[in-house]
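Notes for the structure review
Given next are the chains, with one letter for each unit.
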Amino acid sequence: MKDCIFCKIAAGEIPSDKVFEDEYVYAFRDLNPQAPEHILIIPKQHISRVEDVTDEDRGLMGRLVVAAKHIAAEAGLKKGYRLVFNNGPDAGQEVEHIHLHLMGGRRFSWPAG
Ligand code: DGP
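Residues numbered from 1 in each chain as written. Predicted model: local features only at pLDDT ≥ 70, side-chain atom pairs only at ≥ 80, totals over all residues. Heavy atoms only, no water.

A closer look at helix α2 (residues 58-74)
Because an α-helix packs 3.6 residues into every turn, residues spaced three or four apart end up facing the same way. Between its first and last C-alpha, α2 extends 25 Å over 17 residues, near the 24 Å set by a 1.5 Å rise per residue. Within α2, the full set of buried residues consists of Leu-60, Met-61, Leu-64, Ala-67, Ala-68, Ile-71 and Ala-72. Seen along its axis, α2 keeps its buried residues to an arc of 130 degrees; they face one direction. In α2, the exposed positions that point more than 90 degrees away from the buried face belong to Arg-58 and Ala-73. Residues of α2 that are buried make contact with β1 (18-21), β2 (25-29), β3 (37-43), β4 (81-84) and β5 (100-104). Following α2 by one or two positions, Gly-76 adopts a phi angle in the positive range, close to 75 degrees. (Helix = DSSP H or I, 4+ residues; strand = E, 2+ residues; numbered from the N terminus. Expected span 1.5 Å × (residues − 1). Buried < 20%, exposed > 50% of the residue type's maximum accessible area, 1.4 Å probe, protein only. Arc of directions from axis to C-beta. Contact = heavy atoms within 4.5 Å.)

Notes on the environment of Glu-74
If you trace the backbone, Glu-74 turns up in helix α2. Put simply, Glu-74 and Asn-87 are 13 residues apart on the chain and 27 Å apart in space, counted from C-alpha to C-alpha.

Notes on the site of the ligand
In the vicinity of the ligand there are 15 residues, among which Asp-30, Gly-92, Glu-94, His-99 and His-101 approach most closely. Backbone polar atom of Glu-94 to an oxygen atom of the ligand: 2.6 Å apart, as the coordinates give it. Side-chain polar atom of His-99 to an oxygen atom of the ligand: 2.8 Å apart, as the coordinates give it. Burial of the ligand by the protein amounts to 86% of the accessible area it has alone, namely 510 Å². (Near = heavy atom within 4 Å. Polar contact = N/O pair within 3.5 Å; in protein donor to acceptor, adjacent residues only side chain to side chain. Areas by Shrake-Rupley, 256 points an atom, 1.4 Å probe, with all protein chains shown as cover.)

Digging into the pattern of salt bridges
Enumeration according to the criterion identifies six salt bridges in this entry. The partner of Glu-37 in a salt bridge is Arg-29, with the nearest N and O atoms 2.9 Å apart. On the accessibility criterion, Glu-37 (19% relative accessible area) is buried. Each of Asp-17, Arg-29 and Glu-37 takes part in a single network of salt bridges with overlapping partners. (Salt bridge = Lys/Arg side-chain N within 4 Å of Asp/Glu carboxyl O.)

Considering the sheet that holds β1
Ordered by their spatial adjacency, five strands build an open sheet running β1-β2-β3-β5-β4, and the pairing between neighbours is antiparallel. Each edge of the open sheet carries a strand with a single partner, namely β1 and β4. Averaged over neighbouring strand pairs, the angle between their axes works out to 20 degrees when direction is ignored. As paired elements, β1 and β2 share three bridges and run antiparallel to each other. Each bridged residue has a counterpart across the sheet, and for Glu-21 the counterpart in β2 is Tyr-26. Docked against the sheet, α2 engages β1, β2, β3, β4 and β5, running at close to 155 degrees with respect to β3. (Pairing = 2+ DSSP bridges. Axes fitted to C-alpha atoms, helices over the stretch in contact; angles between N-to-C directions.)

This is how it looks when you write it as structure tokens:
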């Protein structure tokens, strides 16, 4: 989608620190990391937020989680990691291209802030 920063990153038009890519998914290090490992996993297809996910996207959304599993294993996050979708303004979603945060390398508290 024109003017979407994450679409441009996935297309290689804006540089990023890529950690994973396949036909459907792109993953790169967050510019503002909140943990020693902080990776954003996105579909290459533009989807703004959870409300826009359709039944046809079920496989694609599952691919984000499978990519997270592989990235976490590659990063050696044996003690666990947090996966987060910030969805909408109350959740602090800044970029309107759905993205799964993978954070690890430290302990996280619950409930989330
Ligand atoms: P969220 O608040 O869930 O929408 O998270 C958006 C994240 O995206 C935030 O942690 C910072 C990151 N981010 C924003 N712009 C860029 C960028 O151009 N490059 C990278 N690598 N990360 C970005």
